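# Examining the three-dimensional arrangement
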Amino acid sequence: MKSSRTLGLVMIAPAAIMIVLFFLMPVVLTAVFSMTNMTTATGISGGVYQIAPNSLIALKSAMPDIAAEMAEPRYAVDEAGLKAVEGLGLPPGIAAELRAKHAGEVFPTRREAERMIKELADRPSTREVKQISEQFNRSVVNTRFDSKEQLFSALDNLDLKLTQEQKETVAEATYTGWTWTTDNFSRIATSPDMARVLFNTALYVALVLTLFNVGYALLLAIWTHYMPPTPASIFRGIWLLPRITPVVIYVLLWKWLAWDTGFISILMGKFGYPPKNYLLDNAYNAWFFVVLINGFIGASMGMLVFSSAMKAIPKSQFYASEVDGASRWQQIRYIVLPQMRWPILFVTCYQTLSLLASFNEILLATNGGPGNTTEVWALSAYHTALRNYAGNLEYGLGAAMALVLVVIGVTLSLLYLRVFNYGTLVAKPLIED
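Cut-offs and rules
Residues numbered from 1 in each chain as written. Predicted model: local features only at pLDDT ≥ 70, side-chain atom pairs only at ≥ 80, totals over all residues. Heavy atoms only, no water. Helix = DSSP H or I, 4+ residues; strand = E, 2+ residues; numbered from the N terminus. Rg over C-alpha atoms; globule rule 2.2 N^0.38 Å. Buried < 20%, exposed > 50% of the residue type's maximum accessible area, 1.4 Å probe, protein only. Contact = heavy atoms within 4.5 Å. Areas by Shrake-Rupley, 256 points an atom, 1.4 Å probe, with all protein chains shown as cover. Lys, Arg positive; Asp, Glu negative; His and termini not counted. Salt bridge = Lys/Arg side-chain N within 4 Å of Asp/Glu carboxyl O. Polar contact = N/O pair within 3.5 Å; in protein donor to acceptor, adjacent residues only side chain to side chain. Patch = residues over 30% accessible without salt bridge, like charges linked within 9 Å, V, L, I, M, F, W, Y side chains within 5 Å. Phe/Tyr/Trp six-rings, centres within 6.5 Å; stacked < 30°, edge-to-face > 60°. pLDDT = per-residue confidence, 0-100. Core = buried A, V, L, I, M, F, W, Y, C linked by side-chain atoms within 4.5 Å. Expected span 1.5 Å × (residues − 1). Bend = angle between axes of the 7 residues up to and from the residue. Axes fitted to C-alpha atoms, helices over the stretch in contact; angles between N-to-C directions. Parallel < 35°, antiparallel > 145°, perpendicular 65-115°, else oblique. Left-handed = near helix turned anticlockwise from the far one by under 90°. Nonpolar A, V, L, I, M, F, W, Y, C, P; charged D, E, K, R; others polar.

## Quick word on the overall build of the protein chain
Looking only at helices and strands, one finds 22 helices and four strands in the protein chain. Rg of the C-alpha trace for the protein chain: 35 Å, well past the compact-globule value of 22 Å for 433 residues, more than 25% over. Residues classed as buried in the protein chain amount to 37% of the 433 residues present. Long-range pairs, those at least 24 residues apart, make up 72% of the contacts in the protein chain with a sequence separation of at least 6. About 25000 Å² of surface is accessible on the protein chain, with carbon and sulfur atoms providing 64% of the total.

## Re the side chain of Glu-128
Take Glu-128: it is sitting in helix H7 (residues 126-135). In this structure, Glu-128 is buried with no salt-bridge partner, the nearest side chain bearing the opposite charge being Arg-127 at 4.9 Å. A polar atom in the side chain of Glu-128 sits 3.0 Å from the backbone nitrogen of Ser-125.

## Side note on unusual backbone geometry
Here the bond from Gly-369 into Pro-370 is cis, since omega is -5°, no more than 30 degrees from zero. Position of Pro-370 among the secondary structure elements: in the loop between helix H19 (360-365) and helix H20 (377-385). A positive phi angle is found at Asn-367, which is not glycine, with a value near 55°. Inspection of the secondary structure assignment puts Asn-367 in the loop between H19 and H20. Given a relative accessible area of 26%, Asn-367 falls into the partly exposed group. One non-glycine residue, Asn-372, lies in positive phi territory at about 65°.

## A word on a nonpolar patch on the surface
Among the surface-exposed residues, Ile-19, Val-20, Phe-23, Leu-24, Met-25, Val-27, Val-28, Leu-29, Val-32, Phe-33, Met-35 and Trp-180 lie close enough to one another that they form a single nonpolar patch of about 1000 Å² accessible area. Among the structural elements, Phe-23 can be located in helix H1 (residues 2-34).

## Topic: the pattern of salt bridges
A complete count under the given rule lists ten salt bridges for this structure. A salt bridge links Lys-276 to Asp-281, with the nearest nitrogen and oxygen atoms 3.2 Å apart. A single network of salt bridges, built from pairs that share partners, joins Arg-110, Glu-114, Lys-130 and Glu-134.

## Thoughts on the packing of aromatic side chains
Evaluated as defined, the whole model comprises 14 aromatic pairs. For the pair Trp-239 and Phe-296, a centre-to-centre distance of 5.5 Å together with 80° between the ring planes defines the contact as edge-to-face. Here Trp-239, found in helix H12 (residues 229-244), pairs with Phe-296, found in helix H15 (residues 283-311); they are 57 residues apart in sequence, far enough to count as distant. Relative accessible area serves as the criterion here: at 14%, Trp-239 is assigned to the buried category. Here a set of aromatic residues connected by ring pairs shows up, and it is made of Phe-212, Tyr-216, Trp-223, Trp-239, Tyr-250, Trp-254, Phe-288, Phe-289 and Phe-296.

## Quick look at the confidence of the model for the protein chain
Here the protein chain averages 85 in pLDDT, and 96% of its residues register 70 or above. The least confident element of the protein chain is helix H22 (residues 422-425), whose mean pLDDT is 72; the most confident is helix H11 (residues 192-225), at 94.

## A closer look at the nonpolar core
Tyr-204, Phe-306 and Met-340 are the most contacted members of the largest nonpolar core, which has 59 residues in total. Sorting the residues of this core by element identifies H11, helix H13 (247-258), H15, helix H17 (328-336), helix H18 (341-357), H19, H20 and helix H21 (395-419) as the ones contributing at least two each. Per-element accounting of this core gives the leading share, 13 residues, to H11. Contact partners of Met-340, with chain neighbours within four places excluded, come to Leu-218, Phe-306, Ala-309 and Met-310. Core analysis: the next-biggest nonpolar cluster, separate from the first, contains 18 residues, Tyr-49, Ile-66, Met-70 and Val-140 among them.

## Here we look at H18
Here H18 is 17 residues long and its end C-alpha atoms lie 24 Å apart, about the 24 Å a rise of 1.5 Å per residue gives. For H18, the set of buried residues is Pro-343, Ile-344, Leu-345, Val-347, Thr-348, Cys-349, Gln-351, Thr-352, Leu-355 and Leu-356.

## As for the environment of Glu-86
By the element assignment, Glu-86 lies in helix H4 (residues 79-86). When the C-alpha positions of Glu-86 and Leu-337 are compared, they lie 95 Å apart, and in sequence the two are 251 residues distant. Residue contacts for Glu-86: discarding those within four places in its chain leaves Ala-95 and Arg-99. Side chain to side chain, Glu-86 and Arg-99 meet in a polar contact 3.1 Å long.

## Digging into the environment of Ser-321
Examined against the element boundaries, Ser-321 turns out to sit in helix H16 (residues 315-323). Given the relative accessible area of 9%, Ser-321 is considered buried. In this structure the C-alpha to C-alpha distance between Ser-321 and Gln-331, which are ten residues apart in sequence, comes to 7.0 Å.

## Points about H11
Counted at 1.5 Å a residue, the expected span for H11 with its 34 residues is 50 Å, and the 47 Å between its end C-alpha atoms agrees. In H11, a bend of some 45° at Leu-209 exceeds every other bend along the element. Structurally, the start of H11 carries an N-cap: the backbone nitrogen of Asp-193 is 3.3 Å from a side-chain oxygen of Ser-191.

## Digging into the packing of helix H10 (residues 183-190) against H21
Direction vectors running N to C along H10 and H21 enclose 65°, while the axes themselves pass 9 Å from each other. Considered as vectors, H10 and H21 are oriented roughly perpendicular to each other. Considering how the two elements wind past one another, H10 and H21 form a crossing that is right-handed. Residues Asn-184, Phe-185, Arg-187 and Ile-188 of H10 form the contact with H21, whose own contacting residues are Gly-396, Leu-397, Ala-400, Met-401, Leu-403 and Val-404. Taken together, the residues of the contact of H10 with H21 break down into seven nonpolar, two polar and one charged.

## Quick notes on the environment of Ala-68
Looking at where Ala-68 falls in the secondary structure, it is placed in helix H3 (residues 64-71). The class for Ala-68 is partly exposed, based on a relative accessible area of 40%. Each C-alpha atom of the pair Ala-68 and Ile-57 lies 9.6 Å from the other, and the pair is eleven residues apart in sequence.

This is the structure:
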């Protein structure tokens, strides 16, 4: 018995490893990234501290006076600058006098520093004055610091007189790397754009699911159930074409149908209508084609599942109902549909999750247009994290959107199990064989 249990664990180990690596690990990493502000600008590794123009703009709201001082160049007579002056090949007395009389002094402007240099005993020329002053330029704007300590040291050298709290504010505003944050979820909850995308997603899932993936698929299964076997098989095979066709070719066929040089424009041109792109002409047309493109793919799977489930219904029930004078509609209502709860639950759950996560067809057909009117949640997460027109990819926000999608999918699945009374479906039969 023990050896059998060990053998079972060994046999299931590869599957368990695959589940952890390719299912659980991506979900965990998505949750981790969603709690960061990772973007193209921050990168995915540690950053540096840089007082750039955009960080100065951010500091102006909190510390306007200090931000203005930091933006101005400052000139500090320090040992590094004095050694640089000595290397210019000027008279040695210049560096010696600067070290003796002005070491440690900080000048707020270049003009004041150059005025001091002109008053030296050796009277350097105008060109030499500018050379010397440049060696003492200690502006922190656009300077990169690898640590807080280096940044704070540079600020102290400028004689800015900052408190520790103000230094931490400067460090937070100038850090170019990513940090831990929950702001992504706040943005999702408060952004009107996110609300519109969520509405688009709900509309997309509801229309495709009810009209095609479940509704039309069930009708196809019922129609083929009452057809002779050979025509029924041919009919089901035709409806499988959208699913087995490569998605790029499939969407290109729809585009050819709706383009301004496509079939619809050519046909309507016969009646005097000018050609136009019916796919992206307006939001209503775009939604019409998005629903059809995805619906024809989804209907094929539901049709197969429902057809297989109907074949499992004992034929004796149909024969008995015909003897009792039942019509086709009565057979469907009292025999077929009551025994389709489990298949309908499976197709509804599976197709809901599939529609929530899928965006390939919409990306290829409309790319969320026109004007983001067909932008669904999964496509918006893709645009946010991996490809957008602005260029700054927001990895953290995209991961947060993906995590929200996971929560929505799990919530809807639990709701479906409740609505379809899952406990009753899997309960033991009252009569045992």
